[in-house]
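An overview of the molecular structure
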Amino acid sequence: MTAPVRKIIAVLEGQTVSPPPIWLMRQAGRYLPEYRATRAEAGSFLDLCYSPKHAVEVTLQPIRRYRFDASILFSDILVIPDALNRNVRFVQGEGPQMDPISESEIDLLDPKGVLDHLQPVLETVRRLRQELPAETTLLGFCGAPWTVATYMIAGHGTSDQAPARLFAYRHPAAFEKLLTLLADISAEYLIAQIDAGADAVQIFDSWAGVLGEEEFKRYALQPVARMIRSVRAARPGAKIIAFAKGAGMNLKTYRQGTDADAIGLDWTVPLSFAAELQKDGPVQGNLDPMRVVAGGKAMEEGIDAILQALGHGPLIFNLGHGITPEADPEHVAELVRRVRGTA
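Residues numbered from 1 in each chain as written. Predicted model: local features only at pLDDT ≥ 70, side-chain atom pairs only at ≥ 80, totals over all residues. Heavy atoms only, no water.

Our focus in this paragraph is the pattern of salt bridges. Scanning all chains against the criterion turns up 22 salt bridges. Among the ionic pairs, Arg232 bridges to Asp259, the shortest N-O distance being 3.0 Å. Of the two residues, Arg232 is situated in helix H12 (residues 213-234) and Asp259 in the loop between helix H13 (251-258) and strand E7 (262-264); the sequence distance between them amounts to 27 residues. Salt bridges linked by common partners bring Arg6, Arg129 and Asp199 together as one network. (Salt bridge = Lys/Arg side-chain N within 4 Å of Asp/Glu carboxyl O. Helix = DSSP H or I, 4+ residues; strand = E, 2+ residues; numbered from the N terminus.)

Here you go:
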């Protein structure tokens, strides 16, 4: 019996697939009415993340609608600090919050129970691999150490992550220790996801764009490189996508420095620069999510530009960041049809 062809894995191996495979960041989310119904049934957002029944359901919803080439585990990057007992909670209208960590508290973080705490998430991965179509790539994920650390230090999201940047300048040794701890825990978490059935994993560094060149190297690139080395040492065949939002010109050294199989591109990356990056390996991206909200000509022109610039090399079509709640589900259907040439 022939093994199913998972197109995204083919791209991660360096192949050019035409039309390119497609999935969308946050493809399971509030723009879908069925997600909103399941979210209400589950209770709190964290309850949804930790309920395999509900997490499997919302992960499968966009696959049923659009037959994306990949399904990404429904969870959140902040399950790691939650597993470290930082009192994570999601406040309606305010987003994620937790107890801000101090310099002295970093030494008290205990990683021993993290994977036990995250067993419900790993059970979700196991169930998904059983329920997904055989040809659909199952993606696991986690947050990058820098991005997770920004929330742990501020206790909430900020516009420029000034609290974490200031903390890093004032307490460099403690900050490096926090990043190393998060890198090692996150690598173990990704290995566990792969063992549970994930075909590939993505590392999200949503706040890489606020860092200067030297800080990017120390706080974004090097911790992710440490993670990838650890994952590959344990699982040599692991396929890994690294997404450093806002990294700009720093992406020149990001793939080489991290050894990621593919790099994700946000919508601000010029397509001419993206084509240069693609010469060194697969890229993923990078449609502006607002084009999906707008739909029509704006969306069509954005899709066509990406396909023209990057479609002749190894490309995973995606957005430049997560789909927003305002997006019309029918616009997403039109997006998929156009990328696949069936519009």
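A word on the packing of aromatic side chains. The tally for this structure, following the rule as stated, stands at eleven aromatic pairs. Here the aromatic rings of Phe45 and Phe90 are separated by 4.6 Å at their centres, their planes lie at 55°, and the arrangement is tilted. One end of the pair, Phe45, is in helix H3 (residues 45-50); the other, Phe90, is in strand E2 (residues 89-91), with 45 residues separating them in the sequence. On the basis of relative accessibility, which here comes to 14%, the residue Phe45 falls in the buried class. Pairing Phe175 with Tyr219 gives two aromatic rings, centres 5.0 Å apart and planes at 85°, and the pair type is edge-to-face. One end of the pair, Phe175, is in helix H11 (residues 172-196); the other, Tyr219, is in helix H12, with 44 residues separating them in the sequence. Taken as a pair, Phe175 and Tyr219 share a single burial class, namely buried. (Phe/Tyr/Trp six-rings, centres within 6.5 Å; stacked < 30°, edge-to-face > 60°. Buried < 20%, exposed > 50% of the residue type's maximum accessible area, 1.4 Å probe, protein only.)

Purely spatial values, then, with no claim about function.
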